[in-house]
Number of protein chains: 2
Amino acid sequence: MGIKRRSMLTATTLGLTVSTSTSSQAQSAPQGLKSFGSFHIGGRQASLNGYPITESVFTKGAAPTRVDPNGDFEVEQMYVQYFLPSNQKGKFPLLMWHGGGLTGVCWDTKPDGNPGWMQYFFNAGHSIYVSDAVERGRASWAKYPEIYQGPPFFRTKKEAWEIFRIGPKDSYDVTPSKRIAHKGQLFPTDYFDQFGKQFVPRWTVNDEQTQKAYNALIQKLGPSVVMVHSQAGNFGFHAALAAPDKVKAIIAIEPAGAPAPGPELDKLKGIPILIIWGDYIDTQEVWMRQQPASVNFAKDLNARGGKVDWIDLPKNGIQGNGHMVMMDKNSDQVAALIENWLHKNGLSS
Amino acid sequence: MGIKRRSMLTATTLGLTVSTSTSSQAQSAPQGLKSFGSFHIGGRQASLNGYPITESVFTKGAAPTRVDPNGDFEVEQMYVQYFLPSNQKGKFPLLMWHGGGLTGVCWDTKPDGNPGWMQYFFNAGHSIYVSDAVERGRASWAKYPEIYQGPPFFRTKKEAWEIFRIGPKDSYDVTPSKRIAHKGQLFPTDYFDQFGKQFVPRWTVNDEQTQKAYNALIQKLGPSVVMVHSQAGNFGFHAALAAPDKVKAIIAIEPAGAPAPGPELDKLKGIPILIIWGDYIDTQEVWMRQQPASVNFAKDLNARGGKVDWIDLPKNGIQGNGHMVMMDKNSDQVAALIENWLHKNGLSS
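Since we're looking at a predicted model, the values are computed, not measured. Counting restarts for each chain: residues are numbered from 1 in the order of the written sequence. By the order in which they are written, chains take letters starting at A while ligands take numbers starting at 1. Residue-level local features of this predicted model are given only where pLDDT is at least 70; pairs of side-chain atoms are given and counted only at 80 or more, and the full residue set underlies all totals for whole chains, interfaces and linings. Calculated side-chain values reflect all of the structure's heavy atoms, with hydrogen atoms and water omitted.

(A) Region of the structure containing the overall build of chain A. Strands here are runs of E lasting at least two residues and helices are runs of H or I lasting at least four, both read from the DSSP assignment and numbered beginning at the N terminus. Each helix and strand in chain A was counted, giving eight helices and ten strands. Since a compact globule built from 349 residues should have a radius of gyration of about 20 Å, the 21 Å found for chain A is in line with a globular shape. The C-alpha extent of chain A, read off along each of the three principal axes, is 65 × 50 × 45 Å. Think of it in three bands: residues with accessible area under 20% of the maximum for their type are buried, residues over 50% are exposed, and the middle band is partly exposed, with areas taken using a 1.4 Å probe on protein chains only. Out of the 349 residues in chain A, the part that is buried amounts to 64%. The long-range share in chain A, meaning contacts at least 24 apart out of those at least 6 apart in sequence, stands at 75%. On chain A, roughly 12300 Å² of surface is accessible, and the fraction owed to carbon and sulfur atoms is 50%. Atoms considered for the radius of gyration are the C-alpha atoms alone. The globule rule reads 2.2 Å times the number of residues to the power 0.38. Every residue pair with non-hydrogen atoms within 4.5 Å of one another is taken to be in contact. Areas reported as accessible are Shrake-Rupley estimates using a 1.4 Å probe. Residue values count occlusion only from the protein chains shown.

Laid out in structure tokens, this is it:
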């Protein structure tokens, strides 16, 4: 493909002992459940007027129902589900924010049926708040172009296979047995189609609304640790800029973007930030274009006296992780790195 | 509105002692959590070809991404989240299937923040499987008209206010304080807009696909108790017709439809079925049209030697429940009726 392996974009010297041992918390028996539940947060009311009335049968065998599309709707809210452990070790709630085209499900049980990071960090004693961002999953979505300003996009399996760095460009095939993954790939490729069932449509026009809902969540929960993946990187960093007193740490897994360098970043100096990147970056143009944003962010923030730790997994002896690190076969190993980092920063006992 | 109160559609004599006491299980301390997780089930691959390629910025500050809408997608799957208690009292898994325009969230924490039936039945010792049906919430949805055969419908707050029998026709107002609920209404009306954040778009063209996914869930889990609400009534009854050896009981909360009377119903003779209806039916044309389907179903099935119990809540001294019984202020009281019924049928110890 003409893309050569380039020198790694290591922004800071790794200030961590990378260890494959899992933390003591995660190895203990499953946590007691103090409580669990969910809520919607943020959003606003939108009203539509002037559209024609129709009749439709909604339930087979039922009489037709008159459909008047005009009226009031709740839009741009976010869904949040929480699990509070009996034996809390985390100093603050752990908020898990998914990436583009996905929902909070990406943190839950992995496509291969094994426990995901939601289970890992709950069992490690964190109060877990997993959200579906505005327009995704249980957050619901609104009519377009009447309310949302444009149409949604649907990610193909081929695009996901490539962008998530499971296999190189054009190695996807409609027949699972014919797909050729990256050598040493740790994604459970036999379950790639199962993973495909998690994909949800996404819009490109709702960033502001999404940020607003995330900011509202931080205001509701107060001091929190925010774990972001991919598209949510920007949302997490900007949530911290909006409430640097409340965002107590950020764990950014392959953030697709980051705030531009500049004096604004001084606000984040007091916040421990961990940025993790996986393998095969230099095989995928999208990430070669997108990774520099977080590199420049980390460099600038640290130059200002910030506390950004950067883990380039393959540089630290952990090969084979694509973009969906939390679903990879070594997800517990990477989770343990994160848990150790939280512990070292006084955020998990 | 010219609709008079009519005689109640009580299909069978109530074979239950209606009691406001909650079951001992539900009063005990919160259950231990043996495990929790989720999966997608059902669905198929769909492929699109021949649509134009575009470029879009997906993440603010990130470089534009080329969007090729052509390719393969997983479609028509269903999402299922489970919570397994340490101290299991339920004989079989309890599957909770939501109604139209909603997701599994309707069983979770109520809009007023109090625990819902998901918490109630989990604490009572049931293994809980809450699903988002095909096209809803975390199940995702597919492009239309390319894959789904038509457009979605978005329920207005006014329609919900009326159809869910929170207030009479035209008593909804955009200003919450101006809404006039039914007298004695037990829905927490102060949280109606919060409830509105749970609404998701729905299609009228996916019943067959939805049924298929529910049937696949029954095949995966084996012997199960199915709790259905509203639109899911038909899905539950038909799942039982498809697998009468595996559906061990049906609890139908205000089923919007039911299979037509006839010899086919003989298959359901061995299955205990509980049908529950709330208050204000005769104020709402939709329910006056739709309730008879389950009345006729219950009458015919019982005439064939079936085991359908019918609880008309107001006829049994419980006034004030609209369509969203699981969110009403007395939701624990109605849950206790159900738990007692399960106990009497040997389905909960």
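(B) Region of interest: the sheet that holds strand β7 (residues 94-97) of chain B. Residues and elements named next belong to chain B. Note on pairing: two strands pair once DSSP finds at least 2 bridges between them. The eight strands lie next to each other as β1-β6-β8-β7-β9-β10-β11-β12, forming an open sheet whose pairing is mixed. Here the strands that pair on one side only, and so sit at the sheet edges, are β1 (33-41) and β12 (307-312). Pairs of neighbouring strands in the sheet enclose a mean axial angle of 15 degrees, with direction left out of account. Bridge analysis of strand β10 (residues 247-253) against strand β11 (residues 272-277) gives four bridges, and the strand direction is parallel. In the strand pairing of β11, isoleucine 253 is matched with isoleucine 276. Here an angle of 0 to 180 degrees is reported between the N-to-C directions of two axes, which are lines fitted to C-alpha atoms, with helices fitted over the stretch in contact.

(C) Layout of the interface of chain B and chain A. Each partner contributes residues to the interface: chain B has 82 residues there, and chain A has 82 residues. Buried surface at the junction of chain B and chain A, both sides included, amounts to about 6500 Å², of which 54% is carbon and sulfur. By salt bridge we mean one thing: a side-chain nitrogen of Lys or Arg within 4 Å of a carboxyl oxygen of Asp or Glu. If you look at where chain B meets chain A, you find six salt bridges. Here lysine 157 of chain B and glutamate 74 of chain A are joined by a salt bridge, their closest N and O atoms 2.6 Å apart. Here a polar contact is recorded for every N or O atom pair within 3.5 Å, except that within protein the pair must consist of a potential hydrogen donor and a potential acceptor, and residues adjacent in sequence are included only if both atoms are side-chain atoms. Counting every contact that joins chain B to chain A gives 32 residue pairs in polar contact (both at pLDDT 80 or more). Element by element, the count of residues in the side of chain B that touches chain A is highest for β1 of chain B, at six residues. Polar here means any residue other than Ala, Val, Leu, Ile, Met, Phe, Trp, Tyr, Cys and Pro, which are nonpolar, and Asp, Glu, Lys and Arg, which are charged; Gly is therefore polar. For the side of chain B that touches chain A, a count of residues per class yields 32 nonpolar, 30 polar and 20 charged. Summed over both partners, the accessible area (1.4 Å probe) lost when two parts come together is defined as the buried area.

(D) Geometry of the relation of the copies chain B and chain A. When chain B is fitted to chain A, the residual RMSD is 0.0 Å, and the transformation amounts to a turn of 180 degrees plus an axial shift of 0.0 Å. Here the copies are linked by what is in effect a two-fold axis. Within chain B, the C-alpha atom positioned nearest to the axis of rotation is that of glycine 137 of chain B, 2.0 Å from it. Interface overlap between copies: 100% of the residues of chain B at the interface are likewise at the interface in chain A, consistent with a symmetric, same-surface contact. Least-squares superposition aligns the copies on the C-alpha atoms of those residues with pLDDT at or above 70 in both.

(E) Up close: the sheet that holds strand β7 (residues 224-229) of chain A. Residues and elements named next belong to chain A. The strand order β1-β4-β6-β5-β7-β8-β9-β10 describes an open sheet built from eight strands, whose pairing is mixed. Edge positions in the open sheet fall to β1 (33-48) and β10 (307-312), since each of these has one partner strand only. Taking the axes of each pair of neighbouring strands and ignoring which way they run, one obtains an average angle of 20 degrees across the sheet. Looking at chain direction, strand β5 (residues 94-97) and strand β6 (residues 128-132) are connected through three bridges and run parallel. Counted as the bridge partner of methionine 96 is valine 130 from β6.

(F) Layout of helix α5 (residues 207-221) of chain B. Residue and element names in this part refer to chain B. Helix span, expected: 1.5 Å multiplied by one less than the number of residues in the helix. Along its 15 residues, α5 runs 21 Å from first to last C-alpha, staying within 8% of the 21 Å computed at 1.5 Å per residue. Buried within α5 are the following residues: Asp207, Thr210, Gln211, Ala213, Tyr214, Leu217, Ile218 and Leu221. Each buried residue of α5 sits inside an arc of 160 degrees when the element is viewed along its axis, so together they form one side. More than 90 degrees from the buried face of α5, the exposed residues found are Glu208 and Lys212. To be clear, the arc concerns the directions from the helix axis to the C-beta atoms.

(G) Quick look at the confidence of the model for chain A. Residue and element names in this part refer to chain A. You can read pLDDT as the predictor saying how much it trusts each residue, on a scale of 0 to 100. When the pLDDT values of chain A are averaged, the result is 91; 91% of them are 70 or greater. For residues 1-29, every residue scores under 50 in pLDDT, and the model assigns this stretch 61 contacts once sequence neighbours within four places are set aside. For this predicted complex, the interface confidence reaches an ipTM of 0.91, while the overall pTM sits at 0.92.

(H) Structural detail: the packing of helix α5 (residues 207-221) of chain A against helix α6 (residues 232-242) of chain A. Residues and elements named next belong to chain A. Two elements in contact, α5 and α6, have axes separated by 9 Å at closest approach and are oriented at 55 degrees. With respect to their mutual orientation, α5 and α6 come out oblique. You can see that α5 and α6 cross each other, and the crossing is right-handed. Judged by residue contacts, Asp207, Thr210, Gln211, Tyr214, Asn215 and Ile218 of α5 engage Asn234, Phe235, His238, Ala239 and Ala242 from α6. Here the residues of the contact of α5 with α6 are counted per class, giving five nonpolar, five polar and one charged. Here roughly perpendicular refers to angles of 65 to 115 degrees, roughly parallel to angles under 35, roughly antiparallel to angles over 145, and oblique to all remaining angles. The sense of a crossing depends on the near helix, which, turned anticlockwise from the far helix by less than a right angle, makes the crossing left-handed and, turned clockwise, makes it right-handed.

(I) Local environment of the packing of aromatic side chains. The rule is short: rings of Phe, Tyr and Trp, with Trp giving its six-membered ring, pair when the centres are within 6.5 Å, and they are stacked under 30 degrees, edge-to-face over 60, tilted in between. Applying the stated rule across the entire model yields 52 aromatic pairs over all chains. Their ring planes at 85 degrees and their centres at 5.0 Å tell us that tryptophan 161 of chain A and phenylalanine 192 of chain A sit as a pair that is edge-to-face. Of this pair, tryptophan 161 of chain A sits in helix α3 (residues 157-163) while phenylalanine 192 of chain A sits in helix α4 (residues 192-196), and the two are 31 residues apart along the sequence. Across the pair, exposure class does not vary: tryptophan 161 of chain A and phenylalanine 192 of chain A are buried alike. Measuring from centroid to centroid gives 5.5 Å for tyrosine 214 of chain B and phenylalanine 235 of chain B, while their planes differ by 40 degrees, and the two rings are tilted. On the criterion of sequence distance, the pair formed by tyrosine 214 of chain B in helix α5 and phenylalanine 235 of chain B in helix α6 (residues 232-242) is long-range, its members being 21 residues apart. For tyrosine 214 of chain B, a relative accessible area of 0% translates into the label buried. An aromatic cluster of at least three residues, connected via ring pairs, comprises Trp141, Tyr144, Tyr148, Phe154 and Trp203 of chain A together with Trp141, Tyr144, Tyr148, Phe154 and Trp203 of chain B. The lysine or arginine in question, lysine 220 of chain A, covers the ring of phenylalanine 39 of chain A, its NZ or CZ lying 4.6 Å from the ring centre. Note on criteria: charge over ring means Lys NZ or Arg CZ within 6 Å of the ring centre, with the direction from the centre no more than 35 degrees off the ring normal.

(J) Structural view of α6 of chain B. Residues and elements named next belong to chain B. Within α6, nine of the eleven residues are buried, leaving the element largely enclosed by the surrounding structure. Turning to α6, its buried residues are Ala232, Gly233, Asn234, Phe235, Gly236, Phe237, Ala239, Ala240 and Leu241. Among the structural elements, β7, α5, β9 (224-229), β10, β11 and α7 (285-303) are those in contact with the buried residues of α6.

(K) Region of interest: the pattern of salt bridges. Across all of its chains, the model carries 32 salt bridges over all chains by this definition. With a closest N to O distance of 2.9 Å, glutamate 162 of chain B and lysine 158 of chain B form a salt bridge. In this pair, glutamate 162 of chain B and lysine 158 of chain B both sit in helix α3 (residues 157-163), four residues apart, roughly one turn of the helix. By relative accessible area, which is 10% here, glutamate 162 of chain B ends up buried. Residues joined in a network through salt bridges with shared partners are Glu74 of chain A together with Lys157, Arg179, Asp193 and Lys197 of chain B.

(L) The pairing of strand β9 (residues 272-277) of chain A, seen in detail. Residue and element names in this part refer to chain A. Across the six residues that make up β9, a large majority, six, are buried. Judged by which residues are buried, β9 turns out to be covered on both faces: Pro272, Leu274 and Ile276 on one side and Ile273, Ile275 and Trp277 on the other are all buried. Sheet topology places β9 next to β10; six bridges connect them, and they run parallel. Paired with leucine 274 across the two strands is aspartate 309, which belongs to β10. The parallel pair β9 and β10, bridged by helix α7 (residues 285-303), forms a crossover whose chirality is right-handed. Orient the strands so they point away from the viewer, and a crossover whose first-strand-to-second-strand path over the helix runs clockwise is right-handed.

(M) Seen up close, unusual backbone geometry. All names here are of chain A. For the bond from tyrosine 144 to proline 145, the omega torsion is 0 degrees, close enough to zero to count as cis. Examined against the element boundaries, proline 145 turns out to sit in the loop between β6 and α3. Phi at glutamate 135 is positive, roughly 80 degrees, even though this residue is not glycine. Tracing the backbone through its elements, the reader meets glutamate 135 in the loop between β6 and α3. The phi torsion at tyrosine 280 lies on the positive side, around 70 degrees, for a residue other than glycine. If you trace the backbone, tyrosine 280 turns up in the loop between β9 and α7. By relative accessible area, which is 7% here, tyrosine 280 ends up buried.

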